[in-house]
Amino acid sequence: MKTPDHSPADEAFMREALALAAQSIGLSEPNPRVGCVIATAAGQVLGRGFTQEAGGPHAEVMALRDAAAKGRDVRGATAYVTLEPCSHHGRTPPCCDALIAAGLGRVVAASQDPNPLVAGNGSERLRANGMAVTTGLLADESRELNIGFFSRMLRRRPWVRLKSAISLDGRTALENGQSQWITSEAARTDGHAFRKRAGAILTGVGTVLEDDPRLDVRLVETPKQPLRVIVDSRLETPPTAKILQPPGQVLLYAAVHDKGREAALKAHGAEIAFAPGLSGKVDLPSMLTDLAQRGVNELHVEAGHKLSGSFVREGLVDELLVYQAPTLVGLGQGLASFGPLETLADALALRFVSIERLGPDLRLIARPPGREHF
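Residues numbered from 1 in each chain as written. Predicted model: local features only at pLDDT ≥ 70, side-chain atom pairs only at ≥ 80, totals over all residues. Heavy atoms only, no water.

For the protein, the name recorded in an unreviewed UniProt entry is Riboflavin biosynthesis protein RibD, with Piscinibacter gummiphilus as its organism. Comment text from UniProt for the protein, heading Function (unreviewed entry), reads "Converts 2,5-diamino-6-(ribosylamino)-4(3h)-pyrimidinone 5'-phosphate into 5-amino-6-(ribosylamino)-2,4(1h,3h)-pyrimidinedione 5'-phosphate." (UniProt positions renumbered as here; feature names shortened; annotations may be inferred.)

Structure (structure tokens):
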């Protein structure tokens, strides 16, 4: 959305900043994905940058360094930033201070930072030092790029994306459990791109026992592997499971203690956390709270129909990522087992966010209405 304070040139520079921010996917976690473009009023780009790994420089500092490396003077220029510059000392100094010291004249931020430690303070500090500041330009695009960060800051839990590959008649596997491969290579590669953007990839012990997946990112390049999470109430994961093998870290959530199994799993590099719930099962809401405290912004769920059904039944799914192949399977397993429902009016209502074709398959993204408004 463009406001009267923003020109077509402002919008063009902000779109470039958003494209830069997308390069932080898989890199900046748990920090937000931020891009920055520094430009003159005449339209000359002086510097560009995007947020690096946690503890590394943020987008504004990268753009300032880029301008300095090219010998360009940024005094009086405009910084286009996809998220309000930070004003607090975390692993790095405040970006506000860097912009002020550099003598910029104006900052255009797409959206306010939801982090309570910032939340408008960055803009106020810039204004207090004589800088013109506006916000709201392409705010929806900025928020969508950082939907998990907004969720963790405002709801104290990750954005939960439930992924599934299904046939045209809604089956994820044959009756005997065979599921490889329902969809095409193009769909699988795209699925790995969504894995890359997650802070953690989650499955259940049933999938580990049946399919022995690695559950890592292989089909697209990534600077680091997401945390792999197993919901394993009774610690039944075999120490020899592929998911426990490098690279990347593994976290198991259990509901009961078993010292022998704990020791065997820890010996293979797994961390174990306990979130006991009813009937000896892992309490999923408590698990999500813990994952948020660990810095997970987006949680990518690839699980069997039972665990997927539990996420749906408890109202924890924010988004469904479904790849649908033009095949009929007949009898088999569904996407999520929950219910039974008394009437169709009790069904989980969703709205399509996007529908795209990937090779022979469709990629469907759907959300409960208004779920992203928090």
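Attention now moves to the pairing of strand 10 (residues 250-254). Burial runs high along strand 10: five of the five residues are buried. Alternating residues of strand 10 divide into Val250, Leu252 and Ala254 and Leu251 and Tyr253, and every residue in both groups is buried. With four bridges connecting them, strand 9 (residues 227-231) and strand 10 associate as parallel partners. Residue Val229 lies in a different strand from strand 10, and its bridge partner there is Leu251. When strand 10 meets strand 11 (residues 270-274), the two strands line up parallel, connected through five bridges. Across the sheet, residue Ala254 finds its bridge partner in strand 11, namely Phe274. Crossover connection from strand 10 via helix 9 (residues 259-267) to parallel strand 11: handedness right-handed. (Buried < 20%, exposed > 50% of the residue type's maximum accessible area, 1.4 Å probe, protein only. Helix = DSSP H or I, 4+ residues; strand = E, 2+ residues; numbered from the N terminus. Pairing = 2+ DSSP bridges. Right-handed = clockwise from strand over helix to strand, strands pointing away.)

This brings us to the packing of aromatic side chains. By convention here, two paired aromatic rings are described through the distance between centres and the angle between planes. This model, assessed by the stated rule, comprises two aromatic pairs. For the ring pair Phe13 and Tyr80, a centre distance of 5.1 Å and an interplane angle of 35° mean the geometry is tilted. Placement of Phe13 in helix 1 (residues 8-21) and of Tyr80 in strand 3 (residues 78-81) is noted, with a sequence separation of 67 residues between them. The pair Phe13 / Tyr80 is uniform in exposure class, with both members buried. (Phe/Tyr/Trp six-rings, centres within 6.5 Å; stacked < 30°, edge-to-face > 60°.)

Spatial ordering of the open sheet is given by 2-1-3-4-5, a layout of five strands whose pairing is mixed. In this open sheet, the two strands that pair with only one neighbour each are strand 2 (45-50) and strand 5 (132-135). Adjacent strand axes in the sheet meet at a mean angle of 15°, parallel and antiparallel pairs treated alike. Of the pairings in the sheet, the one linking strand 1 (residues 35-39) to strand 2 comprises five bridges and is antiparallel in character. Of the residues in strand 2, the one forming a bridge with Ala39 is Val45. (Axes fitted to C-alpha atoms, helices over the stretch in contact; angles between N-to-C directions.)

A few words now on the sheet that holds strand 9. Where strands meet in a sheet, backbone hydrogen bonds hold them as pairs that are either parallel or antiparallel. Pairing in this open sheet of nine strands is mixed, and the strands run 11-10-9-8-12-6-13-16-15 from one edge to the other. Looking at strand neighbours, the two that pair on one side only are strand 11 and strand 15 (351-358), the edges of this open sheet. Between one strand and the next, the sheet's axes are offset by a mean angle of 20°, whatever the strand orientation. Note: strand 13 (residues 319-324) against strand 16 (residues 361-367), five bridges, orientation antiparallel. The residue of strand 16 that forms the bridge with Tyr323 is Arg363. Each of strand 6 (159-166), strand 8 (200-204), strand 9, strand 10 and strand 12 (298-301) touches helix 10 (residues 284-293); the most contacted strand, strand 10, lies at about 150° to it. Helix-sheet contacts for helix 11 (residues 305-313) involve strand 6, strand 8, strand 9 and strand 12, and the interaxial angle to strand 8 is about 115°. (Contact = heavy atoms within 4.5 Å.)

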